[in-house]
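# Observations on chain architecture
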Amino acid sequence: MPIYQAPLRDYQFVLNELLDIYNQKDLAGFNEFDPELIEAVLQGVADFTTDIMLPLNGSGDVEGCKLVDGKVVTPKGFIDAYQQYVDNGWATLTCDPEYGGQGLPEVVGIFATEMKTATNMAFAMYPGLTHGAYSAIHVHGSDSLKRKYLDKLVSGEWTGTMNLTESHAGTDLALLRTKAIPAGEGTFAITGEKIFISSGDHDLTDNIIHLVLAKLPDAPEGVKGISLFAVPKIWVNDDGSFGEPNTLCAASLEHKMGIHGNSTCVMNFDGAIGELVGEPHQGLRAMFTMMNQARLGVGLQGLGVSEIAYQNALAYAKDRLQGRALSGVKHKELVADPILVHGDVRRMLLSQKSFNEGARALMGQQALWLDEAERHSDPLQKKKSSKLAALFTPIVKGFVTDQGFKACVDAQQVFGGHGYIHEWGMEQYVRDIRISMIYEGTNGVQALDLVGRKIMSDKGAALELWSEEVKAFIQANLGNEAMKPLVSSLMLAAADLEKATVIIATEAAKKPDVIGAASFAYMQLLGITSLAWMWARTAEKALAGLESASEDKAFYQNKVKTAQFYMAYWAPQTRSLVKQIESASQIICEFDEADF
């Protein structure tokens, strides 16, 4: 069975030193927790995920979910594990205390999510989708809807889903056909078929609250005519008691590449009774609350699975004996040297390590922006943080999952032939994480959202907010001799990003299709540059730690060395991405349909 050790020391560094969350006096509720409390919470999650969730990952993959007599049966052990998850209170961490939540900030909750997805991505999706449903109802639902559903969703006693996709309508939701007909007393009869519904049916809880996009009879054409409905598997009366089972079912289970332990369903709604979430024809606005939460969660899947793949690849590289180092024998007592001595194995491992730690820091920053957008006492700072979080949503979803998948493939490659067979676990990680680049908006859609909406639509205003922070950091560290090489690399990457932005803006004014042709490379460029920013900030704190700390110097030294590797290996890739944006994007647009 694969191994896993939660990166608790790294969480501590990101929270305490890099983001300094315990001194955020302007954020409501942040004064109610301290390092001891947060470390105890994260240690508890680490114990649960390692002891309970990890052993079920491989067996859940082999057994998968089954549809028996119209009901989904989850793999052996999932029911007991989920009940322990609920009993331990792990579902409640970042939820509103008014509904039974613990009220912890998002910047803490994301690391709990990382551990869950690292140890058992398929299992983690059940509570993950539930949290998204909670968020949509919490922000957009009526008081009666909140009273009816939120307590049970927060506790984990019930789970939730999101139902968007139809067989003919994926990204283009304007095409959806699911109908909602008024049924009296504020209810609606929902009829239609949805596909690819994660956690659509299962035996973990008594009830499942489906959030369903559908169109009312008077709906205008296009996306402006979409409404959102809460449709329970079993009807819930106003007093909280169960009514009759609703007229909906899992018609079939999708046969898919990975995440076999999660029930991905085709859902049929046959006049199922639901209630409106938010205002009529404003369903996308409500659903995007859920989707943006889900996109952060998907990014954490990219990081979490990459981390466990790296840990196992590193352990294997230290143990597997093959050949001798080019510079001479390193272990005379052994028949061969461990493959860790070989340069290309080191390259792959360091690429994974530097990506994982940099992405973890960026995820922390993204979560802190989300917390500031919700909790900051200064309205101007709330607005700024909201814009930054929106700008980086495509990065934490698209870039992180792209590179997280590549890191898993590198980890598999370290194992050689053993990485391709099931018993070592690497092939499952590659299969499982592949979906993260597809669902919640494919990464091509994320890139188009980044460039078309987040950059072009506001004429780069949000990007300029972030660029000002990067420039301020560079200016503050120009005189720091130890930081000089790192600052220089960050400056070059930032300059490449600025150049690429100008190129796209200029060319798109003449040929709008350039936006789509250049967007994917631009997303990678911004992602690499943002991680360079996080690594430069990390190195600054690590150098300070080396000066002041009497213990743990090895940790800080490792951070500095890894930052140096990132700047030498990853950051220069911005050069080729600019060239690709400048040249290849034009050629892409010039191809006629007949040329393909």
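Everything numeric in this text was worked out from a predicted model, so none of it was measured.

## Here's the deal with the packing of helix 5 (residues 121–140) against helix 7 (residues 283–319)
Packed helix pairs are specified by the crossing angle of their axes together with the interaxial distance, meaning the distance between the axes. The geometry of helix 5 relative to helix 7 is characterised by a closest axis approach of 8 Å and an angle of 155° between their N-to-C directions. When the axes of helix 5 and helix 7 are compared, the pair comes out roughly antiparallel. At the point where helix 5 passes helix 7, the crossing takes the right-handed sense. Across the interface between the two elements, Met121, Met125, Leu129, His131, Gly132, Ala133, Ser135, Ala136, Val139 and His140 from helix 5 touch Arg285, Ala286, Thr289, Met290, Gln293, Gln301 and Val305 from helix 7. When grouped by side-chain class, the residues that make up the contact of helix 5 with helix 7 number nine nonpolar, seven polar and one charged.

## Digging into helix 9 (residues 379–414)
Here helix 9 spans 49 Å end to end across 36 residues, near enough to the 52 Å set by a 1.5 Å rise per residue. Along helix 9, the helix axis deviates most sharply at phenylalanine 392, where the bend reaches about 40°; the proline proline 394 sits within four residues downstream. The residue sitting at the N-terminus of helix 9 and contributing the capping side-chain oxygen is aspartate 378; that oxygen lies 3.0 Å from the backbone nitrogen of leucine 380. Glycine 416 sits one or two positions beyond helix 9 and adopts a positive phi of about 60°.

## Quick word on the nonpolar core
Core analysis: the biggest nonpolar cluster contains 157 residues, and Trp466 and Tyr522 have the highest contact counts within it. Top contributing element to this core by residue count: helix 14 (residues 513–548), with 17 residues. Residues in contact with tryptophan 466, not counting those within four places in the same chain, are Trp369, Leu388, Leu391, Phe392, Leu497, Leu526, Thr529, Ser530 and Trp533. Listed in part, the 32 residues of the second largest apolar core include Leu150, Leu176, Val277 and Leu284.

## Details of unusual backbone geometry
Backbone geometry follows two general trends: most residues other than glycine have a negative phi, and most peptide bonds adopt the trans configuration. With a phi close to 50°, aspartate 20 is a non-glycine residue in the positive phi region. With respect to the helices and strands, the residue aspartate 20 is situated in the loop between helix 1 (8–18) and helix 2 (35–63).

## Notes on the pairing of strand 5 (residues 187–198)
One ladder, built from five bridges, connects strand 4 (residues 179–184) with strand 5; its direction is antiparallel. Looking at strand 5, one finds that alanine 180 is bridged to isoleucine 190. Between the antiparallel neighbours strand 4 and strand 5 lie two residues, among them glutamate 185 with a positive phi of about 55°.

## Some words on the pattern of salt bridges
Proximity of charged atoms lets side chains of opposite charge pair with each other. All told, the structure shown has 23 salt bridges when counted by the stated rule. The shortest N-O distance in the salt bridge between lysine 152 and glutamate 157 comes to 3.7 Å. The partner of arginine 360 in a salt bridge is glutamate 307, and the shortest N-O contact between them spans 3.1 Å. Residue arginine 360 is located in helix 8 (residues 343–375), and its partner glutamate 307 is located in helix 7; the two are separated by 53 residues in the primary sequence. Taken together, the shared-partner salt bridges in this structure form one network comprising Asp10, Glu114, Glu307, Lys353, Glu357, Arg360 and Lys559.

## Describing helix 6 (residues 143–155)
An ideal rise of 1.5 Å per residue puts 18 Å on 13 residues; helix 6 measures up with 18 Å between its terminal C-alpha atoms. Maximal helix bending in helix 6 amounts to about 40°, located at tyrosine 149. Of all the positions in helix 6, only Leu145, Lys146, Lys148, Tyr149, Leu150, Leu153 and Val154 are classed as buried. Buried-residue contacts for helix 6 involve helix 5, strand 3 (159–163), strand 6 (208–214), strand 7 (227–232), strand 8 (234–236) and strand 11 (264–277).

Rules behind the numbers
Residues numbered from 1 in each chain as written. Predicted model: local features only at pLDDT ≥ 70, side-chain atom pairs only at ≥ 80, totals over all residues. Heavy atoms only, no water. Axes fitted to C-alpha atoms, helices over the stretch in contact; angles between N-to-C directions. Helix = DSSP H or I, 4+ residues; strand = E, 2+ residues; numbered from the N terminus. Parallel < 35°, antiparallel > 145°, perpendicular 65-115°, else oblique. Left-handed = near helix turned anticlockwise from the far one by under 90°. Contact = heavy atoms within 4.5 Å. Nonpolar A, V, L, I, M, F, W, Y, C, P; charged D, E, K, R; others polar. Expected span 1.5 Å × (residues − 1). Bend = angle between axes of the 7 residues up to and from the residue. Polar contact = N/O pair within 3.5 Å; in protein donor to acceptor, adjacent residues only side chain to side chain. Core = buried A, V, L, I, M, F, W, Y, C linked by side-chain atoms within 4.5 Å. Buried < 20%, exposed > 50% of the residue type's maximum accessible area, 1.4 Å probe, protein only. Pairing = 2+ DSSP bridges. Salt bridge = Lys/Arg side-chain N within 4 Å of Asp/Glu carboxyl O.

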